[in-house]
Number of protein chains: 2
Amino acid sequence: MSNNSTISELVAWVQRAHRLGTIGELLGWDEQVNLPAGAAEQRAAQHAVLAESLHAAASAPRIGELLAGLEQRDDGLNDDERAIVAQARRDYNRATKLPTEFVREKAIQGSRGYHAWAHAKAQDDFAGYAPVLQKNLEFAQREAAYLGYGGAPYDYMLDKHDPGLTAAAVDRLFGELKRDLLPLMRAIVASPAATRAREVAGRLRGFPVDAQLRFLREVTERLGFDYTRGRIDVSLHPFCSGTGSDVRMTTRFKEDHPLNSLFGAMHETGHGLYEQGLPVAQLGTALGIHAGMAMHESQSRLWENQVGRSRAFWRSFEPRWRELFPVQSAGVTSDELHLAVNAVQPTLIRVDADEVTYNLHIVLRFELEKKLFAGELAVRDLPAAWRVASREMLGLEPANDREGVLQDVHWSDGSFGYFPSYCLGNMIAAQLWARVRQLRPGIEEDFSRRDFSWLLAWLRENVHAPARRFSALELVRRVTGEELSPRHLVEYLRERYGGLYLG
Amino acid sequence: MSNNSTISELVAWVQRAHRLGTIGELLGWDEQVNLPAGAAEQRAAQHAVLAESLHAAASAPRIGELLAGLEQRDDGLNDDERAIVAQARRDYNRATKLPTEFVREKAIQGSRGYHAWAHAKAQDDFAGYAPVLQKNLEFAQREAAYLGYGGAPYDYMLDKHDPGLTAAAVDRLFGELKRDLLPLMRAIVASPAATRAREVAGRLRGFPVDAQLRFLREVTERLGFDYTRGRIDVSLHPFCSGTGSDVRMTTRFKEDHPLNSLFGAMHETGHGLYEQGLPVAQLGTALGIHAGMAMHESQSRLWENQVGRSRAFWRSFEPRWRELFPVQSAGVTSDELHLAVNAVQPTLIRVDADEVTYNLHIVLRFELEKKLFAGELAVRDLPAAWRVASREMLGLEPANDREGVLQDVHWSDGSFGYFPSYCLGNMIAAQLWARVRQLRPGIEEDFSRRDFSWLLAWLRENVHAPARRFSALELVRRVTGEELSPRHLVEYLRERYGGLYLG
């Protein structure tokens, strides 16, 4: 059998498993958007039986045979084929190296963990949740060991979301970021404009949901989201799921926080544009899946922040905004609106954070995760460590664990190593943005004309089309001509916020 | 192994397959309610891979072993166990006698067919759709042959939806019905009241969709539909899918046809109540699935017609209706409203038909299907044959195929043999209703008080709870004490419409 036909057969097997995965993703979307309250048990049974089918498809022995053959003849492969094989190997190892019994136990533990967390958060009871978290940590370490990361379980957790990423690399990047960002953040927060920004944001009240939806539909469509290949709905927590020609994002509306739903939707639009930019024919292979969560977050952040919070964006959309909300916007000047759009205020809650302080929330979590995995921090000492770190990073100390260590869902089902992607995404977005401005100095004039086509075309070609051929760090190097560095993020924040707050 | 534990193991296997089937059903619901226009191919690929998994689950050799063992020890089984085994055998034969490749191709063809139909209908292009229909017909005939119905493919299509049903039985029932119904329908249509009914119905205009939705939510909830275990959405073609605790119905709204969406929703509510009445723990076995499509239609028709078009129902809901639509209802008296609710007018479109002429739409389709399968009619001649039959049954000839042969979705994915269930359902509904009135002569007084609980409880016990223990014809015999006959339907129509039109 030629390499060519072996590759084709491998791709068919890989895509078979991937499609079952996308059905699971649709079940998950439906669960959060549509599922009747009384149908949770029935849905859980559907998930379970689909997971069985997916596991069988992903661990089919034929995949192993094809991989072994292709890996032996590696020098006969071109770059794309090599990328396909590497990604298929990665997926196959994850599907086959974990004992069935372990997978089953971990799924049960994940589900228990979620409910234990929800209960602990409601009751502000960290002590009751600690044993579950301890067990999640042990499961993560066992999983890492099964996959050959026995000595470096946290590297495994990072690599799981971002192929090739290591704790050492993140440590260096975050250390540098923290050093430069903390003083900038403190200066911004101390400025009189910070108080004024909060005051203006607080005046944005009573925005009817219908008109909010209409506005964000117009905006997201104009940014380039293709509604013939995707949709937007409402869910409790905003997210984006699906890929290729069926990309589904969600948002949520509050009448007194109209900017939240808008920027939430622009954020998800960034994720959605990435997924819509992947070639449908290659979905599930290295040529048709995203490069990792950090690159994914870079796309959501770039559209939300670099684009959506810019002067130029609002120059083109403010008139329409005032037209849709004539009464609500009446007492707010353009400068005030721009300040509200770029309000900075340290908050205890990560998901409410602005784009300056958000990064510090992530550094905090990374440092704690790293210590937990290194055995330098015990689970029972997490709340205290969180308080100390929160005071250092944000200048705020949570009065209880609900606003501290219990606020995020991620650790409850064992999703360690995910948080860093958020901040790495911000760094990548800023570095891509710096490159874009070099290549097209007039990009903001495009935005003033509601024209985002050059930016989208550039991202399509340079970021989306490569799919998973390269790791995020490698792709950044290729696209921007330099190693990933926090420098661009700090410079971008200094430029945008310095003018508003320190000018 | 005891029969008991063998049955338990069989049930586990059967339910595993059934759950994968319900995921497929959810994909189908999503396709008609949510799917972005550009995602059809991607969805077709998901259907195909899920169909493979479903096929593998339903044809697991272990099921065959368990069945063989249980069938040998048949005398050791109780009635419920025997019903479980018989249904599992039926499913297993259908799963194992169809080659995997055939199943895969048919799934893709079904999804493509749906989109081809939607396109053809929009463009009034039967010629473009004919090859798809021809292929669907061939798929159906091949499927029948695989299942041992090589000589009687249309019997197979009927049996598929209603176990045990034959073309000969339907032919006899429909022949008798047509004989008695055609003169009744013609007399009604010729009556002066028919003109008045149409005139009143035509005056019902400009009913806002929001208020229509509100009214039908209130009505369907009051009938007994449990919205914590189901939902209602909008789709091009109303339907009900799902089972147990996740039952999803759809409707569609037109401002100038407010009764259509209402009765459509009551119709789907009948389906939904049946599915919600099946025991969740037994879903997928003979003790937890409906008795067949004719029985299913009897439930939708009973709630739509015997209940929803009654004087008593409107006595209780008319005040609320006038409250929600004060302007639109102002010029319409109660008697006029009742006449409009029971307007009879031959129409080209089946789904717009009244309950008198509806049956003739079905007889028309049955006669064409029968001829298609017997090779007495070619696909290309369908539009002409449709026009001839339409003139005979309804006295109307469609000016184009959108209002003729292209109007229905059913054939587009190969669902032949389904139409007869609608008319059989009307017959069963009328026969059940005659029984209900014997048992509870004051049932209409219940309705006047918005109390539908006795009726629902009776249906739950006598029709829903038996699930698939008996065939539809057998269940009718048991519940009503006589064989199914068109007599009750004709008598019911004569009583209700005779008074209004011929009195």
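Peer 1: Help me understand the overall build of chain A, please; the structure alone is not making it clear to me.
Peer 2: Each helix and strand counted, chain A has 21 helices and 3 strands in total. Its C-alpha radius of gyration of 23 Å places chain A within 12% of the 23 Å reference for a compact globule of 503 residues. Counting only C-alpha atoms, chain A reaches 70 × 50 × 50 Å along its principal axes. Long-range pairs, those at least 24 residues apart, make up 74% of the contacts in chain A between residues at least 6 apart in sequence.

Peer 1: Would you take a moment to explain the sheet that holds strand 2 (residues 240–243) of chain A for this structure?
Peer 2: Across a sheet, paired strands are connected by hydrogen bonds in the backbone, their directions being either parallel or antiparallel. Residues and elements named next belong to chain A. With mixed pairing, the 3 strands of this open sheet are ordered in space as 1-3-2. The outermost strands of the open sheet, each flanked by one partner alone, are strand 1 (230–234) and strand 2. Across the sheet, the mean angle separating the axes of adjacent strands is 15° when strand polarity is ignored. Here strand 1 pairs with strand 3 (residues 246–251) via 5 bridges, running parallel. Across the sheet, R231 pairs through a bridge with R248, a residue of strand 3.

Peer 1: What exactly am I supposed to notice about the domain arrangement of chain A here?
Peer 2: Accessible area lost during the coming together of the parts is what is often quoted as the interface size. Residues and elements named next belong to chain A. Segmentation of chain A into domains returns domain 1 (3–96) and domain 2 (132–205 + 265–503). Tallying the contact residues gives 11 residues for domain 1 and 8 residues for domain 2. Looking at the side of domain 1 that touches domain 2, the elements that each hand over two or more residues are helix 1 (3–33) and helix 4 (79–96). Top contributing element to the side of domain 1 that touches domain 2 by residue count: helix 4, with 7 residues. Taken together, the residues of the side of domain 1 that touches domain 2 break down into 5 nonpolar, 4 polar and 2 charged.

Peer 1: Before we go on, may I ask you to explain the interface of chain A and chain B in this structure?
Peer 2: Of the residues lining the interface, 28 residues belong to chain A; the matching set on chain B comes to 29 residues. Considering every element that reaches the side of chain A that touches chain B, the biggest residue donor is helix 1 of chain A, with 8 residues. Looking at the side of chain A that touches chain B residue by residue, the classes come out as 12 nonpolar, 10 polar and 6 charged.

Peer 1: Which parts of the structure should I look at to understand the packing of helix 15 (residues 358–374) of chain A against helix 16 (residues 382–394) of chain A?
Peer 2: Each pair of packed helices can be described by the angle between their axes along with the distance between the axes. All names here are of chain A. Helix 16 packs onto helix 15 with a crossing angle of 145° between their chain directions and a minimal axis gap of 10 Å. Note that helix 15 runs across helix 16; the crossing there is right-handed. For the pair helix 15 and helix 16, contact is made by L360, V363, L364, E367 and L368 and by L382, A385, W386, A389, S390, M393 and L394, respectively.

Peer 1: Teacher, can you tell me more about the environment of R222 of chain B here?
Peer 2: Residue and element names in this part refer to chain B. Along the chain, R222 turns up in helix 10 (residues 209–223). Through-space distance from the C-alpha of R222 to that of R450 is 7.2 Å; in sequence the pair is 228 residues apart. Look past the residues within four positions of R222 in its chain and what remains in contact with it is R450 and F452.

Peer 1: Is there a simple way to explain the pairing of strand 3 (residues 246–251) of chain B in this structure?
Peer 2: Looking along a regular strand, one sees side chains alternate from face to face of the sheet. Residue and element names in this part refer to chain B. Within strand 3, 6 of the 6 residues are buried, which leaves the element mostly enclosed by the surrounding structure. Strand direction decides the pairing type here: strand 2 (residues 240–243) and strand 3, joined by 4 bridges, are antiparallel. Each residue of the ladder has a partner; that of G242, found in strand 3, is V247. Two successive antiparallel strands, strand 2 and strand 3, enclose a turn made up of 2 residues, where G244 displays a positive phi of approximately 65°.

Peer 1: Got a minute to help me understand the sheet that holds strand 2 of chain B in this structure?
Peer 2: Residue and element names in this part refer to chain B. Sheet architecture is open: 3 strands sit in the order 1-3-2, paired in mixed fashion. If you trace the sheet from one side to the other, it starts and ends with strand 1 (230–234) and strand 2, each paired once. When the angles between neighbouring strand axes are averaged without regard to direction, this sheet yields 15°. Set on the sheet, helix 1 (residues 3–33) makes contact with strand 1, strand 2 and strand 3; between it and strand 2 the angle comes to about 150°.

Each value, and the rule that gives it
Residues numbered from 1 in each chain as written. Chains lettered and ligands numbered in written order. Predicted model: local features only at pLDDT ≥ 70, side-chain atom pairs only at ≥ 80, totals over all residues. Helix = DSSP H or I, 4+ residues; strand = E, 2+ residues; numbered from the N terminus. Rg over C-alpha atoms; globule rule 2.2 N^0.38 Å. Contact = placed C-beta atoms within 7 Å. Pairing = 2+ DSSP bridges. Axes fitted to C-alpha atoms, helices over the stretch in contact; angles between N-to-C directions. Domains from an automatic or database assignment. Nonpolar A, V, L, I, M, F, W, Y, C, P; charged D, E, K, R; others polar. Left-handed = near helix turned anticlockwise from the far one by under 90°. Buried ≥ 20, exposed ≤ 12 C-beta atoms within 10 Å, placed from the backbone.

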